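# Chains, contacts and geometry: an overview
Each chain is listed here by its residues.
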Amino acid sequence: MSQRHESRASKRIRRAILVCAAGLLLLPRLHITRAQDAADAQEAARPVGRYITLESPITDDSLAWVKQTALELQQIASQEDRTVFLILEVRPGTSQFHHVYALADFLTSSAVPNVRAVAWVPETVVGHNAIIPLACSEIVMHPDAQLGDIGLGKSLSADQQQFIRKMVAKRRNSKVNEFLAVALMDPLATLVQLTVSPQPGVSEKRLVTEQEAERVLRSGVEINDRKTIKEAGTPGLFSGASARSLDILVVRTANERFELADHYGLCLL
């Protein structure tokens, strides 16, 4: 082989070595970039959450704050195709019914269809403030906290009861039905948990009032078990622990609010 051919061959080999070396140098960088892209994609897919503490009394300012935050979350859900949560910490205290009504009505309206409202109840909440968790998609309570007794030992007026029944009938929260709502706002109501067999081989639990239980019995549906959850003449008030054991009202219990972010995998804004 001539010197010229050897020189050309050597140059080709050197170029090949340089190209390989450059590629090897780029590999760590490429790996880091891909890992970062994967991390960014994972972060972008995480549910987004906002946290609001609702101090008492609920006011027009409270309503405006919740509306603005929920509408911003709705926009994020629509534009980024992300799951969004509005965590509402409901505090004890006394609020006017019309303020609570307005807030609950908004939370169950078509204005924020993609916003998943979660009520966090770390302490006992009674009176009108107890209506707000019923308007949320889910309720999380401290095991020792109690929720209910909306009328503070008395029955709510007929029009107030009608609003709450209609609100709950939208079934935003699968753990709350209108019969449970009646028990929470009417001390005279009896709440019963039935285990029924609507058809052979099928068993299901139903939470009903005494009157509804009698109607179910007359309908001919087989009742396998009957348990009284709340006696007439006692306030409809349930702790987080008791509600969880009955599989009503709450989806879970928590001791601290940070557990909610962990449970739902939230990126809090």
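Predicted model, so just to flag it, every value in this text is computed and none were measured. (Residues numbered from 1 in each chain as written. Predicted model: local features only at pLDDT ≥ 70, side-chain atom pairs only at ≥ 80, totals over all residues. Heavy atoms only, no water.)

Before going further, it helps to spend a moment on the sheet that holds strand 4 (residues 125-126). Judged by pairing direction, the sheet is mixed, and its three strands sit side by side in the order 4-6-10 without closing on themselves. Among the strands making up the open sheet, the edge pair consists of strand 4 and strand 10 (237-239). The pairing of strand 6 (residues 146-148) with strand 10 spans three bridges and is classified as antiparallel. Counterpart to Q146 in the pairing with strand 10 is S239. (Pairing = 2+ DSSP bridges. Helix = DSSP H or I, 4+ residues; strand = E, 2+ residues; numbered from the N terminus.)

Low-pLDDT portions of the prediction should not be read for the details of their coordinates. Mean pLDDT over the protein stands at 88; residues scoring 70 or higher make up 83%. Low pLDDT, under 50, characterises residues 37-41; the stretch is placed with zero contacts to residues that sit more than four places away or in other chains. (pLDDT = per-residue confidence, 0-100. Contact = heavy atoms within 4.5 Å.)

In terms of residue burial, helix 6 (residues 178-185) counts as a mostly covered element, since seven of its eight residues are buried. Among the residues of helix 6, F179, L180, A181, V182, A183, L184 and M185 are the ones counted as buried. The N-cap residue of helix 6 is N177: its side-chain oxygen and the backbone nitrogen of F179 are 3.1 Å apart. (Buried < 20%, exposed > 50% of the residue type's maximum accessible area, 1.4 Å probe, protein only. Polar contact = N/O pair within 3.5 Å; in protein donor to acceptor, adjacent residues only side chain to side chain.)

What follows is about the pattern of salt bridges. This model, assessed by the stated rule, comprises twelve salt bridges. R82 is the partner of E80 in a salt bridge, and the nearest nitrogen-oxygen pair spans 3.3 Å. A relative accessible area of 16% means that R82 is categorised as buried. Here the salt bridges do not stand alone but share partners, grouping E89, R91, E123 and R257 into one network. (Salt bridge = Lys/Arg side-chain N within 4 Å of Asp/Glu carboxyl O.)

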